Number of protein chains: 2
Amino acid sequence: MIKIAVLGYGTVGSGVVEVIEKNHDSINKKAADDIEIKYVLDLRDFPGDPVEKVLVHDYNVILNDPEVSIVVETMGGLHPAYEFTKQALEAGKSVCTSNKELVAEYGTELVRIAEKKDINYLFEASCGGGIPIIRPLNSSLTADEIDEIEGILNGTTNYILTKMAVDGLDFDEALKEAQQNGYAERNPEADIEGYDACRKIAILSSLAYGAHIDYRDIYTEGITKITATDIKYAQSLGASIKLLATSKKVHDGFYAMVSPVMINAHNPLYSVQGVFNAIFIHGNVLGDAMFYGSGAGKLPTASAVVADVVDCAKHLHKHIIMNWSSRPLKLMDIENVRNRFFVRMEGCMAQEIVRVNGVFGDVESFSVPGISGEFAFITEKMPEHEFRDGIAQLKGIRSTIRVGF
Amino acid sequence: MIKIAVLGYGTVGSGVVEVIEKNHDSINKKAADDIEIKYVLDLRDFPGDPVEKVLVHDYNVILNDPEVSIVVETMGGLHPAYEFTKQALEAGKSVCTSNKELVAEYGTELVRIAEKKDINYLFEASCGGGIPIIRPLNSSLTADEIDEIEGILNGTTNYILTKMAVDGLDFDEALKEAQQNGYAERNPEADIEGYDACRKIAILSSLAYGAHIDYRDIYTEGITKITATDIKYAQSLGASIKLLATSKKVHDGFYAMVSPVMINAHNPLYSVQGVFNAIFIHGNVLGDAMFYGSGAGKLPTASAVVADVVDCAKHLHKHIIMNWSSRPLKLMDIENVRNRFFVRMEGCMAQEIVRVNGVFGDVESFSVPGISGEFAFITEKMPEHEFRDGIAQLKGIRSTIRVGF
C-alpha cells in the first residue's frame, strides 16, 4: 500500500482524485501496488463532498506522516508551493506536480534535492497537459541529440486563434468566448501574453538540451495584436497563425522564442485546432517526431499527474535519472535570429512597393480581395535587428508577423 | 563500463553501431555509464569496415562472455533470433530488439523470462520505427484505460498510397517506385498484404490492454486491390485511403483489424504522408493523443533501439514493470464489427440506385467527373456480415473499401 497526499483540491487536484478512483484497478496493476489517497490539503471546506473524509487544512499533518510517500502538488503559484515541495522532498517524499511556474523557477534545485534523497520530482503535467512529452524526452529520445523543439503549448491561445480563423472573430470577441467556455481565465494575461508557453518551452528545452534555460531569457510575444485581418491574409496564403514556442540549435548556439508565426500545411503543427497542443521535435538520428493531444483540461492534466504518481510508486527509493542540469544554457541574442516576416502596410501596392523594395530588396507582395487601402509583403530571411531597422524606414506599417515557411 | 553485443550487422544493426558512435557523449551521459560495443555478430565478413575489430561469427563467444550485459537483436526473422534471445535472457543479459515478428510470436514468453531474471526485454523499435510509443504506453499512459488504437504502422504501404494519390499512379507502378527508392523490399508481401502492420497492432494492443492478442486472430487485408480510380473517388470526398491498423473496445469486447480505410481531414491520421507513421490513441481520461514520426529507416529505427539500450543500462538489474500479460484477449468476431462501406458499382447511377436502396436502404450515392460507366455509394454503419450479404445480392461491384467517417 502506497499512501499519497494531494495538495490543492482545485481543477487539477480534484481531477487527480477522480482519476485514481475511476481507474483504481488498472492503476494499481500498473504500479504493482495499491495507491491510496490518505490526505487532501485545501484551505477550503467541501461539505458533502466525499473528499471531506481525507481533507486536512494543516500541511504539517502530511509532512510529519511517515506513511505518506508521494505528494501531489496541484496548488499552482510559487508560494507556498515551493516551500511545501522542498519540505516534502527533504522529508524523503517524492513529489509530482502540474505547476510549470514552479518547475521553471525552481526545477533545478528541486530535482537536485530529489536526486540527493534518491526519490523523484516529476512534472509530466507541467508541459502539454495530458500529452506524454517529459517522460519521452527523458527516457525515450535518449539516443538522440535534439536540435529543435517547436510547440503549440498553450490551449487558450490556440482556441482563440482557431475561433478567429474559423468564425472570423476579432481577438477581443474570441477571448470573451474562450472565457465564457472556461478555456480562458478571468485574468488571461499569462496565456495571451505568452508567459505560460514561455515557461513550458524553458522546461522542455532544459530537459532536451541537458542545460538550464532561464525562462526570463526567452523572447516572448503574445497574440493580443493579431487581428481578424491578419488572419485573412494568412488564409489567402493557405497559412494559419499559431502561437509557437520554439527553441533551436543554430550554428553559433541555441535560441528560444515565443511568438505568433504564420505556418502552412507543410508544418505538422498547421492542423492543430482548438485547445489541442502539439510538440514537434527534431533529433539528429530520429529525424522528425510529433506528440499531439489535449494540452489542458481537468482530466487530461490529471492523467499526466497520475502517470507520474505511478512512476514514483514504481521507483519509490530510486531516483529516475534526468537530463536536467544546473549548468546554464546561454541563449543567443534574439536580434541575431533569422526569420522571414509578413508585413501589412497602408497605401497602394503599385506605388509603395518601390519604397519597400528599396529597403528590403525584392519582396513577395500581394493584396487580398475585399481588404482595401493596404497590401502585404513577405521578406526574405533576415536577422531580427535588420528587419527592425528596415521597418523603421517605412511609414504606415499595420502589422508584422514572423513567417515559418 | 557497460559492454554490449549487436546480433546482425544489417540495416538496423549497422545503424545501432553508427548511432552509438555518433552520439557517444550524450548517450553515455544519459545512461550515466559508458556504453561500449564489444561484439558484432554476423555470418558475413566486412573487410575494411571498422566493425571488423569486434566482429564474431560464433554466438557462443557473446553468450559465454560475462562482461556482456546487454544484447541487441537486429537479425530479424524468427530463427535463430528466438533461440539467441532466449539464451541471452537466461544467461542474465538484457535484450533490446527491433524484431516485431519475434515479439508478436514469442513476446509473452521472453518478457516472462526477463521478469524472472530481473532484467529486461525491450522492443521500442518493433512498432513505429523511431516513434516513442512502446515506452509511453508502458510508463506514461498508466493512469488511463486505453480503449482505442488506430495507426498507420507501415511506411512502405503509406508511401505507395501517397504516391498513388499525389502522382495518380496505379498500385503496381507505385510499388515499383517504392522498390527502386528502397522503401519496399524485393518481396514486398509482408508490407503490402498488411502482415507487418498486423504484428505491430498485436504488440501495441497487448501492451495497451494488458492481455495477449495473438496476431493470427486479427483480420488482415492489404492494399493490393486499391486502384488509382478508388483514390480519385476518395479525393472527390476530400478523403484519403490509408492502411489502418486498429483495435478498439466496443460494448461487447475488443476487435482488431488491418485494412484500407477512407478517412477525411477530421482524422489526425489523414495528413500523414509518405514513409511517416502515426499512432492515434484514446484513453478514458486522457482523451485523444497522437504520436507521429519516421516509421522506418536505418537511423530512426536505430534511435529507438539505442534508447532501449540506454534504458537497459539504467535498469541493469531491475526489471521494468510491463503491462504485458499471458492472459489471452479473445477478440470479437470480425463479422459483427460495424463499419460504413464505400462501394463502386458498374452501370448508370439513376437506373441502379433503386436496386442498391432496395438492399442497403437510402445510401449516399455519387459519381466523379471523368469516370464513366460506374458510380459509387456509401452505406450507413452496419455489421460486416450484413454488408457482405447485401453486396452478394448486387451485380457489377468493382470495389469496396471501409469508411472511417
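Residues numbered from 1 in each chain as written. Chains lettered and ligands numbered in written order. Predicted model: local features only at pLDDT ≥ 70, side-chain atom pairs only at ≥ 80, totals over all residues. Heavy atoms only, no water.

Draft legend 1. How the structure looks around the overall build of chain A. On a plain count of helices and strands, chain A comes out with 14 helices and 17 strands. Principal-axis analysis of the C-alpha atoms places the extent of chain A at approximately 75 × 45 × 35 Å. A buried classification covers 60% of the 405 residues belonging to chain A. Surface summary for chain A: the accessible area is close to 15800 Å², and the carbon and sulfur share equals 48%. Averaging the locations of the 39 positively and 56 negatively charged side chains of chain A gives two centres separated by 1 Å. (Helix = DSSP H or I, 4+ residues; strand = E, 2+ residues; numbered from the N terminus. Buried < 20%, exposed > 50% of the residue type's maximum accessible area, 1.4 Å probe, protein only. Areas by Shrake-Rupley, 256 points an atom, 1.4 Å probe, with all protein chains shown as cover. Lys, Arg positive; Asp, Glu negative; His and termini not counted. Charge placed at Lys NZ, Arg CZ, Asp CG, Glu CD.)

Draft legend 2. Local environment of the packing of helix 7 (residues 155-167) of chain B against helix 8 (residues 171-180) of chain B. All names here are of chain B. Relative to each other, helix 7 and helix 8 sit at 125 degrees, their axes nearing to 9 Å. In terms of axis orientation, helix 7 runs oblique to helix 8. Handedness of the crossing formed by helix 7 with helix 8: right-handed. Listed contacts from helix 8 to Tyr159, Ile160, Lys163 and Met164 of helix 7 are Phe171, Ala174, Leu175, Glu177 and Ala178. Residue composition of the contact of helix 7 with helix 8, by class: 7 nonpolar, no polar and 2 charged. (Axes fitted to C-alpha atoms, helices over the stretch in contact; angles between N-to-C directions. Parallel < 35°, antiparallel > 145°, perpendicular 65-115°, else oblique. Left-handed = near helix turned anticlockwise from the far one by under 90°. Contact = heavy atoms within 4.5 Å. Nonpolar A, V, L, I, M, F, W, Y, C, P; charged D, E, K, R; others polar.)

Draft legend 3. Looking closely at the pairing of strand 5 (residues 94-97) of chain A. All names here are of chain A. Neither face of strand 5 is open: one carries Ser94 and Cys96, the other Val95 and Thr97, and all of them are buried. In the sheet, strand 4 (residues 68-73) pairs with strand 5 via 4 bridges, with the strands oriented parallel. Bridge pairing in strand 5 links Glu73 to Thr97. Considered for its hand, the β-α-β crossover made up of strand 4, helix 4 (residues 81-90) and strand 5 is right-handed. The pairing of strand 5 with strand 6 (residues 121-122) spans 2 bridges and is classified as parallel. Bridge pairing in strand 6 places Cys96 opposite Leu122. One crossover worth recording links strand 5 to the parallel strand 6 by way of helix 5 (residues 100-117), and it is right-handed. (Pairing = 2+ DSSP bridges. Right-handed = clockwise from strand over helix to strand, strands pointing away.)

Draft legend 4. Up close: the packing of helix 5 (residues 100-117) of chain B against helix 10 (residues 195-209) of chain B. Residues and elements named next belong to chain B. Where helix 5 contacts helix 10, the two axes come as close as 9 Å, and the packing angle between them is 50 degrees. One finds that helix 5 runs oblique with respect to helix 10. Once helix 5 is placed against helix 10, the crossing between them reads as left-handed. From helix 5, Lys100, Glu101, Val103 and Ala104 reach across to helix 10, where they touch Asp196, Arg199, Lys200 and Ile203. A breakdown of the residues in the contact of helix 5 with helix 10 according to their chemical character gives 3 nonpolar, no polar and 5 charged.

Draft legend 5. Representation of the relation of the copies chain B and chain A within the structure. If you rotate chain B by 180 degrees and push it 0.0 Å along the axis, it lands on chain A with an RMSD of 0.0 Å. Between the two chains, the operation in question is that of a two-fold axis. For chain B, the minimum C-alpha distance to the rotation axis belongs to B:Phe291 and amounts to 2.4 Å. (Least-squares fit on C-alpha atoms with pLDDT ≥ 70 in both.)

Draft legend 6. Just the nonpolar core, in detail. By size, the foremost hydrophobic cluster in this structure holds 244 residues, and its most contacted members are A:Ile62, A:Tyr121, A:Phe123, B:Ile62, B:Tyr121 and B:Phe123. When near neighbours in sequence (up to four residues on either side) are disregarded, A:Phe123 contacts A:Thr97, A:Val103, A:Val111, A:Ile134, A:Ile203, A:Leu207, A:Asp308, A:Met322 and A:Trp324. In this structure, A:Ile263, A:Phe280, B:Val261 and B:Ala278 belong to the second largest nonpolar core, which totals 20 residues. (Core = buried A, V, L, I, M, F, W, Y, C linked by side-chain atoms within 4.5 Å.)

Draft legend 7. View of the sheet that holds strand 5 of chain A. Residue and element names in this part refer to chain A. The 6 strands are arranged 3-2-1-4-5-6 in an open sheet whose pairing can be described as parallel. Looking along the sheet, the strands with just one partner apiece sit at the ends: strand 3 (55-56) and strand 6. Summarising the sheet, strand 1 (residues 2-7) and strand 4 pair through 5 bridges and their orientation is parallel. Following the sheet pairing, Ala5 is matched in strand 4 by Val71.

Draft legend 8. Representation of unusual backbone geometry. All names here are of chain A. Of the consecutive residues His79 and Pro80, the connecting peptide bond is found in the cis state with omega at 5 degrees. Locating Pro80 in the fold gives a position in the loop between strand 4 and helix 4. In the Ramachandran plot, Ala32 falls in the positive-phi region, its phi being about 60 degrees despite a non-glycine side chain. Positionally, Ala32 belongs in the loop between helix 2 (24-31) and strand 2 (35-41).

Draft legend 9. A look at the pattern of salt bridges. Residues and elements named next belong to chain B. Within this structure, the stated rule accounts for 50 salt bridges over all chains. With a closest N to O distance of 2.6 Å, Glu374 and Arg344 form a salt bridge. Here Arg344 lies in strand 13 (residues 338-346) and Glu374 lies in strand 15 (residues 374-378), a separation of 30 residues in the sequence. With a relative accessible area of 7%, Glu374 lands in the buried category. (Salt bridge = Lys/Arg side-chain N within 4 Å of Asp/Glu carboxyl O.)

Draft legend 10. Seen up close, the UniProt feature "active site" (unreviewed entry) in chain A. All names here are of chain A. As recorded in UniProt, the sites labelled "active site" (unreviewed entry) are Lys200. Summarising the element assignment, Lys200 is placed in helix 10 (residues 195-209). Residue class for Lys200 comes out buried when judged on its relative accessible area of 6%. Those residues in contact with Lys200, other than ones at most four positions away along the chain, are Lys100, Ser126, Cys127, Gly128 and Leu153. (UniProt positions renumbered as here; feature names shortened; annotations may be inferred.)

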